[in-house]
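Results of the structural survey
Single-letter residue listing:
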Amino acid sequence: MPSAKDTVHQFLLQVRSGLHPGRADRFMAGRVQAHQIVSEAPVVVERTPQQYAEHVQEMLDAYGAFTLTVDELIADGDRVYARWTQTGRHVGAIDHFPPTGAQLTAMTSAVYRVEDGLIVEYWIQIDRHGITAQLERAAAER
């Protein structure tokens, strides 16, 4: 069985990266608790691997074929902290911003909890303010 760190690393490289979203079921339990920040308020949603694959497809629709670089990966038992940089192009609507074609960079970090080689829970923070600032700048330059 792969280590928690290996599971998360491969998940990021294969699934979250947009390269193979359909492989989510190889790295995620049947139901995963996703702790997210939406409009600065904590929200917990439950996702299946199929729903996560659809979420990645939404990112591909908005950012095109983006690159994901794992900047840091630290494991402690069943928990893995990951920080990554995601860069793409604004090719689809994001929030209320129509596509601009501008390059967008998102800084994200998450802590994943892994049981029996599968992700069962995660806590994620995305620099939404930074993304919004980039979208505003791109819209103003049009």
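First things first, this report covers the structure right here in the doc.

**Quick notes on the packing of aromatic side chains**
- What the rule picks out here adds up to four aromatic pairs.
- The interplanar angle of 90° and the centroid separation of 6.4 Å between the aromatic rings of Y52 and Y122 together place this pair among those described as edge-to-face. Placement of Y52 in helix α2 (residues 49–63) and of Y122 in strand β6 (residues 118–126) is noted, with a sequence separation of 70 residues between them.
- Judged by its relative accessible area of 2%, Y122 falls in the buried class.
- An aromatic cluster of three or more residues is present, and its members are F11, Y52, Y112 and Y122.

**Re the side chain of H90**
- Within the secondary structure, H90 is located in the loop between β4 (79–89) and β5 (103–115).
- Note on H90: relative accessible area 1%, which makes it buried.
- Within the structure, H90 has its side chain in polar contact with the backbone oxygen of G92 (distance 3.1 Å).
- The residues touching H90, leaving out its near neighbours within four places in the chain, are A62, F97, P98, P99, T100, G101, A102, L104 and L135.

**Some details on the nonpolar core**
- V8, F11, L12 and Y112 are the most contacted members of the largest nonpolar core, which totals 34 residues.
- When residues of this core are traced back to their parent elements, those giving at least two are α1 (4–16), β1 (28–38), α2, β3 (67–76), β4, β5, β6 and α3 (128–141).
- Sorting elements by how many residues they give to this core places α2 first, with six residues.
- Excluding residues that lie within four positions of it along the chain, Y112 makes contacts with V8, F11, L12, D78, R79, V80, A82, W84, I119, E121 and Y122.

**Quick look at the side chain of R47**
- Secondary-structure assignment places R47 in strand β2 (residues 41–47).
- With no salt bridge to any partner, buried R47 finds its closest opposite charge in E58, at an N-O distance of 6.1 Å.
- Discounting chain neighbours no more than four positions away, the residues touching R47 are G30, R31, V32, Q36, Y52, H55 and Y122.

**Focus: the pattern of salt bridges**
- Here the structure, examined in full by the defined rule, presents seven salt bridges.
- The shortest N-O distance in the salt bridge between R83 and D71 comes to 3.8 Å. One end of the pair, R83, is in strand β4; the other, D71, is in strand β3, and 12 residues separate them in sequence.
- Looking at R83, the relative accessible area reads 28%, which means it is partly exposed.
- Exposure remark for D71: the relative accessible area of 33% places this residue in the partly exposed category.
- Close ionic contact of D95 with R128 constitutes a salt bridge, the shortest N to O distance being 2.9 Å. With D95 in the loop between β4 and β5 and R128 in helix α3, the pair connects residues that are 33 residues apart, well separated along the chain.

Parameters at a glance
Residues numbered from 1 in each chain as written. Predicted model: local features only at pLDDT ≥ 70, side-chain atom pairs only at ≥ 80, totals over all residues. Heavy atoms only, no water. Phe/Tyr/Trp six-rings, centres within 6.5 Å; stacked < 30°, edge-to-face > 60°. Helix = DSSP H or I, 4+ residues; strand = E, 2+ residues; numbered from the N terminus. Buried < 20%, exposed > 50% of the residue type's maximum accessible area, 1.4 Å probe, protein only. Polar contact = N/O pair within 3.5 Å; in protein donor to acceptor, adjacent residues only side chain to side chain. Contact = heavy atoms within 4.5 Å. Core = buried A, V, L, I, M, F, W, Y, C linked by side-chain atoms within 4.5 Å. Lys, Arg positive; Asp, Glu negative; His and termini not counted. Salt bridge = Lys/Arg side-chain N within 4 Å of Asp/Glu carboxyl O.

Interpretation in functional terms is not warranted from these geometric data alone.
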